[in-house]
Amino acid sequence: MKLPEINILDEKNKILRTQSKEVTFPLSKEDKKLIHDAIDYLTMSQIPEYYEKYNLRPGMGLAFIQLGIPKNIFVIVEEVDEGEFEHYIIINPKIVSHSEELIYVGEGEGCLSVNREVDGIVPRFARMKVQYQNEDGETETIRVREDISVAFQHEMDHLNGILFIDKIDKKNPFKDKEKMREI
Ligand code: NI
């Protein structure tokens, strides 16, 4: 596999604070290429052979705004079995419904735009139903739970110019811990 040439913006870059816009169809060639470059990059970032060779930080998701493009598109790559990956291409997502139950990632969330460890709780819905469009512009719905639900919410925040670090209480990073389930 060849490492795609993509440039991921750092948290200090104000472009990350942009509100991304609705995508119209058909997608441009450039957008399709970027979607697949992002998937390849994330996949390689999770494979030891490649992340060692290219010195990559492992990542699960990327929103277009992290590549400097303010469009409502994100991708997620999940290792479902050892060396076996599945991906999600999500365009114009909207939360249809969500659980009342909240969860948080015990070891803390990570982000390819945030090059440091940040401790603290980011409350997320444990389960959601999300409506979105696929690459062909067809409307679909998906139910997500646990870590994929967290990943979807993390990426949807990016589309609204929000980073996970914004959601951590500055004075008390573990505030309301007892009201949520750790995953
Ligand atoms: Ni992120």
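Above this text is the structure in question.
Only a predicted model underlies this, so the values are computations on that prediction, with no experimental measurement involved.

Caption draft 1: Layout of the overall build of the protein chain. When you go through the protein chain residue by residue, the secondary structure sums to 3 helices and 8 strands. Starting at the N terminus, the α and β elements of the protein chain follow one another as α-α-β-β-β-β-β-β-β-α-β. In terms of C-alpha radius of gyration, the protein chain reaches 16 Å, essentially the compact-globule figure of 16 Å for 183 residues. With respect to the principal axes defined by its C-alpha atoms, the protein chain has extents near 45 × 40 × 35 Å. A sequence separation of at least 24 residues applies to 71% of the contacts in the protein chain between residues at least 6 apart.

Caption draft 2: Representation of helix 1 (residues 29-45). Given a rise of 1.5 Å per residue, 17 residues ought to cover 24 Å, and the 24 Å separating the end C-alpha atoms of helix 1 matches this to within 8%. Among all positions of helix 1, only D31, L34, I35, D37, A38, I39, Y41, L42, T43, M44 and S45 are buried. The secondary structure elements touched by the buried residues of helix 1 are helix 2 (48-53), strand 1 (61-63), strand 2 (73-81) and strand 3 (84-98).

Caption draft 3: Spatial organisation of the pairing of strand 7 (residues 139-145). Bridging between strand 6 (residues 127-133) and strand 7 involves 7 bridges; their strand directions are antiparallel. Directly across from Y132, in strand 7, lies its bridge partner E140. As consecutive antiparallel partners, strand 6 and strand 7 are separated by 5 residues, and within that stretch G137 has a phi angle of approximately 85°, a positive value.

Caption draft 4: Spotlight on the coordination of the nickel ion. Bound to the nickel ion are the protein donor atoms C111 (SG), H154 (NE2) and H158 (NE2), situated 2.1 to 2.3 Å from the metal. Counting gaps between the donor residues of the nickel ion yields the pattern C-x42-H-x3-H. One end of the pair, C111, is in the loop between strand 4 (102-104) and strand 5 (124-125); the other, H154, is in helix 3 (residues 146-159), with 43 residues separating them in the sequence. Pair check on accessibility: C111 and H154 agree, each one buried.

Caption draft 5: Broad picture of the environment of Q131. Its place among the elements puts Q131 in strand 6. Distance in space between the C-alpha atoms of Q131 and E101 is 20 Å, their sequence separation being 30 residues. Ignoring any residue separated from it by four or fewer positions in sequence, one finds Q131 in contact with N92, P93, K94, V96, T139, E140 and T141.

Caption draft 6: Looking closely at unusual backbone geometry. Following F25, the chain continues to P26 via a peptide bond in cis, the omega torsion being 0°. By the element assignment, P26 lies in the segment before helix 1. We note that N55 has phi near 55°; this positive angle belongs to a residue other than glycine. Counting through the fold element by element, N55 comes out in the loop between helix 2 and strand 1. The phi angle at N92 is positive, at roughly 50°, despite the residue not being glycine. Mapped onto the fold, N92 is located in strand 3.

Cut-offs and rules
- Residues numbered from 1 in each chain as written.
- Predicted model: local features only at pLDDT ≥ 70, side-chain atom pairs only at ≥ 80, totals over all residues.
- Heavy atoms only, no water.
- Helix = DSSP H or I, 4+ residues; strand = E, 2+ residues; numbered from the N terminus.
- Rg over C-alpha atoms; globule rule 2.2 N^0.38 Å.
- Contact = heavy atoms within 4.5 Å.
- Expected span 1.5 Å × (residues − 1).
- Buried < 20%, exposed > 50% of the residue type's maximum accessible area, 1.4 Å probe, protein only.
- Pairing = 2+ DSSP bridges.
- Donors = N, O, S within 2.8 Å, 3.2 Å for Na, K, Ca; no water.

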